[in-house]
Amino acid sequence: MKPPRVVVVGGGPAGMVLAYQLVTNGVPVRVLERHPDFEREFRGELLQAPVVEALKRAGLFTALLERGQALPDIERVMYLGERRTVRVPGPRERGAVVSQPGMLALLHEECLRHPHYRMDFGTTVLDAVQEEGRVVALRTRRDGVEERVDGDLFIVCNGRNSHLRKSCGLEAEQFESTADALWLRFDLSDAPEALPTSLQVHMFGKGRVVVFQPSTRHRLHVAFSEPGDLNGLRKDLPELRRRLLPTVPEKLRPHVERKLDEHTEWQVLRILVDRVKRWHAPGVLFLGDAAHTMSPSGGQGLNLAIKDTLVAANHLLDAIREDRPLDAAVFDTIQSERQPEVDQVQAGQTRAGQMVLKPLGVLHLMFTFLGAVMAVAGKKMKGAAGPGVEPRYLTPLARGTAQAH
C-alpha cells in the first residue's frame with residue numbers, strides 16, 4: 001500500500017523535526033512555510049536536556065555543534081533583582097542553545113536527500129478545504145497566486161494561535177498569562193567575552209522580568225517584560241533605555257548601552273497561554289503551539305513542540321506500517337500521551353505569571369520559604385524539564401552530514 005501524502009503547515013522546529021522523521025522513513029511530505037527562508041524570528045532557542053539527548057542520538061546535535069550552530073551545557077539561572085540567585089523545585093536545568101535557522105537548515109538538507117520531500121517557501125495557507133466533513137486540501141497563496149494543495153493528512157505546526165483552528169472547528173480555552181515581552185537582539189561579536197555563559201532570568205517584582213540569553217554567532221537575546229504598552233516603549237528610545245539598562249548585569253551593561261539604538265533588532269511578542277480541547281479533526285492534526293500556545297516562561301514551548309512531533313511520529317509511522325487508518329483513534333493516542341505534560345507546564349506558567357506580579361520584597365520572602373521546603377523535600381521534587389520521549393523513528397544522519405559549514 002502506498003504511504004499517505006502528508007502536508008505539514010509550518011517549517012519551524014516542530015514542522016521540520018516531524019518532516020525529517022516522516023521523510024526518512026519513506027513517507028511523502030510537503031511542507032508549506034510562509035517565510036521566504038529560515039532566517040526568521042529570534043526566540044525559542046533553549047533546548048532542555050531530554051530533547052538534546054534525543055537529537056544527540058540521531059547525530060543532529062553533533063552536526064549542529066560542528067557547524068557552530070549550538071552552545072552546549074547552558075544552565076537556566078534565576079535571580080531576584082540583579083544578584084540574588086534562587087532555585088525552583090527540581091534538579092538544575094542544563095540544556096543547550098541552538099540556532100533555529102541552523103537547525104531548520106540542517107533538517108531541510110537531510111530531507112532534500114529524498115525525492116518524496118518538497119518544501120514550499122513563501123506560501124501562505126489561507127484556509128482548509130473540507131469535503132464530507134473531512135479536511136482534504138488547503139487553499140494557499142504564493143506570489144499572489146492561489147492554489148489548492150491536496151493531501152491525505154494535514155499536520156498543522158504553524159505556531160501560536162493558528163487561524164486554522166477555527167476553520168477546522170476546534171475550540172480553544174485561554175488562561176491568564178503574564179505581560180507581553182519586548183525581544184531584542186544584539187551583535188556582540190566585538191566583545192564575545194561579555195556574553196553570559198548561562199541563560200539568566202531576572203525578576204524585579206510587579207511584573208518586570210528580564211531574560212538574557214547567549215546565542216550562536218556571538219549574539220545576545222534580551223527579553224524585557226512588564227505591564228504596559230511595550231510597542232509604545234520601543235518607540236520611545238530614551239524611556240526604554242531608562243527602564244532596561246538598570247536591569248542589565250554590570251558586566252554586560254556598557255555593551256548593551258552602546259548598542260541599544262534605533263537600529264536594534266526587536267519585536268513585541270504577545271504572551272498567550274491557551275490550548276485547543278481536541279488536537280484534531282477528520283484529516284488534520286495540530287501539534288506544538290498550534291495546539292497549545294505556551295508563554296516563554298521556562299523555554300517550554302520549543303521543547304514541548306519537538307516532543308509532540310516525536311510522539312506523533314511514533315504513532316503515525318506505527319499506523320502506516322501496520323496499514324491502519326490515520327484517524328481519530330491514532331490522533332487521540334498522540335494527544336493522550338502528550339496532554340499530561342502540557343497541562344502540567346501550562347498550570348506552572350499560569351502560577352509563575354501570577355507570582356511575578358508581586359512586589360520584589362514579597363518575592364524574596366516566597367523564595368526564602370521555597371528554599372527551606374526544597375531543602376527538606378530534596379530529591380522528591382520533580383524537575384521542570386519534564387519526561388523524556390523515546391523517539392523510535394528519529395533516523396541517524398547520513399554519514400558525512402556533520403561537517404562544519
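The residue numbers shown here count from 1 along each chain, following its written sequence. Note on the predicted model: pLDDT of at least 70 is required for a residue's local features to be given, and 80 or more for side-chain atom pairs to be given and counted; whole-chain, interface and lining totals, by contrast, use all residues. With hydrogens and water set aside, each side-chain value is computed from the structure's full complement of heavy atoms.

As a further point, take helix H2 (residues 49-57). For the exposure calls, accessible area comes from a 1.4 Å probe over protein chains only, and a residue counts as buried if that area is under 20% of its type's maximum, exposed if over 50%, partly exposed in between. Labels follow the DSSP assignment, with helices taken as runs of H or I lasting at least four residues and strands as runs of E lasting at least two, numbered in each case from the N terminus. Taken residue by residue, H2 has Val51, Val52, Ala54 and Leu55 as its buried positions. Seen along its axis, H2 keeps its buried residues to an arc of 160 degrees; they face one direction. To obtain the arc, one takes the directions from the helix axis to the C-beta atoms.

Looking now at the environment of glutamate 66. One can find glutamate 66 in helix H3 (residues 60-66). Separated by 276 residues in sequence, glutamate 66 and valine 342 place their C-alpha atoms 32 Å apart.

A separate point is helix H10 (residues 328-355). In this model, H10 (28 residues) spans 38 Å end to end at C-alpha, consistent with the 40 Å of a helix rising 1.5 Å per residue. We define the bend at each residue as the angle formed by axes fitted to the 7 residues ending at it and the 7 residues starting at it. If you look at H10, its biggest bend is around 40 degrees, right at glutamine 339, and the proline proline 340 turns up within four residues after that. One fewer than the residue count of a helix, multiplied by 1.5 Å, yields its expected span.

In this section: the sheet that holds strand S8 (residues 123-131). Strand order in the open sheet formed by three strands is S8-S9-S10, and the pairing between neighbours is antiparallel. Looking along the sheet, the strands with just one partner apiece sit at the ends: S8 and strand S10 (145-150). Adjacent strand axes in the sheet meet at a mean angle of 25 degrees when their direction is disregarded. Here a strand pair is declared whenever DSSP counts at least two bridges between the two strands. Pairing analysis gives six bridges linking strand S9 (residues 134-142) to S10, with the strands arranged antiparallel. In the strand pairing of S10, threonine 140 is matched with glutamate 147. Axis lines are fitted to C-alpha atoms, over the contacting stretch for helices. Their N-to-C directions set the angle, which ranges from 0 to 180 degrees.

What follows concerns the sheet that holds strand S18 (residues 273-276). Through backbone hydrogen bonds, the strands of a sheet pair up, either in parallel or in antiparallel fashion. In spatial order, the strands read S12-S18-S21; together these three strands make up an open sheet with antiparallel pairing. Single-partner strands in this sheet number two, and they are strand S12 (172-175) and strand S21 (292-293). In this sheet, S18 lies alongside S12 in antiparallel orientation, the contact comprising four bridges. The residue of S18 that forms the bridge with glutamate 173 is arginine 275.

Right, let's talk about the confidence of the model for the protein chain for a bit. Residues with a pLDDT of 70 or more make up 92% of the protein chain, whose mean pLDDT is 90. Within a predicted model, pLDDT stands for the predictor's per-residue confidence, ranging from 0 to 100. Residue contacts are defined here by distance: any two heavy atoms, one from each residue, within 4.5 Å place the two residues in contact. Scored below 50 in pLDDT, residues 380-384 shows 12 contacts in the model against residues more than four places distant or in partner chains.

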